[in-house]
Amino acid sequence: MIKDKKKTQYNRPPEFQSKVVSPYSADLGETLKRILERHRVRTISKPIVKLSTVLASGKDAVPATKRRGVVCEIPSWSCEHRYIGETKRSLSTRLKEHHRDTLPRNIPKIPDKTELTKHPAQSGHAFNWDYAHVLHHVNSYHKRIFLESLHYYLKTNTVNDKSANFPAIY
Ligand SMILES: [Zn+2]
């Protein structure tokens, strides 16, 4: 008997429309997973071992920090606060821009540009660029905005402005 592969695939119910791969985070993992499942996005959690292990698929040789489309977290050096951000560019490109924006000579020019410049300006703390890390690798702009908002609404000690509107489409 010849198995009808095409038919089998066609009949499979489309349970999830897409997926995100995230390093496992105890304070957010289960909540994030539940919310995303309501939006038919499957989460695949992996332990934080190496950024390259979490994000790289076997056939992709581009380093994780060079891959475009990320939601990232940058901790403060001096307190428990952290910044959550998203960019269509790579983490390494974004970090260079963030770092430039938070240099003391640039802060007076752009005090309200982002929460990332406000925290150093208000507290005197620097961000710990070496511990900046990718939370999600997502190509879709809307998913990045959604995930970014989820992280800063659900996590404690974020420097992001929580009074900003949650994306209306969600
Ligand atoms: Zn701080």
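The rules behind each value
- Residue numbering note: each chain is counted from 1, following its sequence as written.
- For a predicted model such as this one, the threshold for reporting local features is a pLDDT of at least 70, and the threshold for listing and counting side-chain atom pairs is 80 or more; totals across whole chains, interfaces and linings nevertheless cover every residue.
- Excluding hydrogens and water, the side-chain values take into account all heavy atoms of the structure.
- Side-chain atoms within 4.5 Å are what join buried Ala, Val, Leu, Ile, Met, Phe, Trp, Tyr and Cys residues into a set we call a nonpolar core.
- Think of it in three bands: with a 1.4 Å probe and only protein chains considered, a residue is buried below 20% of the maximum accessible area for its type, exposed above 50%, and partly exposed in between.
- Starting at the N terminus, helices and strands are each numbered in turn, a helix being any DSSP run of H or I of at least four residues and a strand any DSSP run of E of at least two.
- The domain boundaries here were taken from an automatic or database domain assignment.
- Contacts: residue pairs with any heavy atoms within 4.5 Å of one another.
- What qualifies as a polar contact is a pair of N or O atoms within 3.5 Å, subject to a donor-acceptor requirement within protein and to the restriction that residues adjacent in sequence count only when both atoms come from side chains.
- At least two DSSP bridges between two strands are required for those strands to pair.
- The axes used here are C-alpha line fits, helices contributing only the stretch in contact, and every angle between their N-to-C directions lies in the interval 0 to 180 degrees.
- Each metal's donors are the N, O and S atoms found within 2.8 Å of it, except that Na, K and Ca use a 3.2 Å limit; water is left out, so coordination can look incomplete.
- Square planar and octahedral sites, with four and six donors, are those where opposite donors lie more than 155 degrees apart and all other angles lie between 65 and 115, tetrahedral sites have four donors with every angle between 85 and 135 degrees, and the rest are irregular.
- Here, a salt bridge means any Lys or Arg side-chain nitrogen found within 4 Å of an Asp or Glu carboxyl oxygen.

## Here we look at the nonpolar core
Here comes step 1: Among the nonpolar cores identified, the biggest contains 13 residues, and Val20, Leu36, Leu147 and Leu150 are the most heavily contacted of them.
Here comes step 2: Of all the secondary-structure elements, those providing two or more residues to this core are helix 2 (29-38) and helix 6 (141-154).
Here comes step 3: For this core, the element with the most residues is helix 6, which contributes 4 residues.
Here comes step 4: Structurally, this core is a two-domain feature, drawing no fewer than three residues from each of domain 1 (2-50) and domain 2 (68-154).
Here comes step 5: Setting aside chain neighbours within four positions, we find Leu36 in contact with Val20, Val41, Thr43, Phe146, Leu147 and Leu150.

## Considering the side chain of Ser90
Here comes step 1: Tracing the backbone through its elements, the reader meets Ser90 in strand 4 (residues 82-90).
Here comes step 2: Among the polar contacts listed, one links the side chain of Ser90 to the side chain of Ser92, at a separation of 3.2 Å.
Here comes step 3: In contact with Ser90, other than residues within four places in its own chain, are Thr65, Lys66, Arg67 and Arg68.

## A few points about the sheet that holds strand 3 (residues 68-75)
Here comes step 1: Spatially, 4-3-5 is the arrangement adopted by the 3 strands of the open sheet, whose pairing is antiparallel. Only two strands of the sheet have a single neighbouring strand rather than two, namely strand 4 and strand 5 (133-137). Looking at each pair of strands side by side, their axes are set apart by 30° on average, direction ignored.
Here comes step 2: Each of strand 3, strand 4 and strand 5 is contacted by helix 6, which is oriented at about 170° to strand 4, the strand it contacts most.

## Structural notes on the coordination of the zinc ion
Here comes step 1: At the metal site, the zinc ion is ligated by Ser76 (OG), Cys79 (SG), His119 (NE2) and His125 (ND1), and these contacts range over 2.1 to 2.3 Å.
Here comes step 2: Relative to the metal, the 4 donor atoms surrounding the zinc ion lie at angles of 103 to 115°, and the coordination shape comes out tetrahedral.
Here comes step 3: Here the donor residues for the zinc ion map to a single chain with the spacing S-x2-C-x39-H-x5-H. With Ser76 in the loop between strand 3 and strand 4 and His125 in the loop between helix 5 (115-123) and strand 5, this residue pair connects regions lying 49 residues apart in the sequence.

## Observations concerning the pattern of salt bridges
Here comes step 1: For the structure on display, the rule yields 5 salt bridges.
Here comes step 2: For Arg94, the salt bridge is made with Glu97, and the minimal N-O distance between the two is 3.0 Å. Of this pair, Arg94 and Glu97 both sit in helix 4 (residues 91-101), 3 residues apart, which is roughly one turn of the helix. The same class applies to Arg94 and to Glu97, which are both buried.
Here comes step 3: Three or more residues are tied together by salt bridges with common partners; here these are Glu73, Arg82 and Lys155.

Interpretation note: all reported values are geometric properties and have no functional meaning in isolation.
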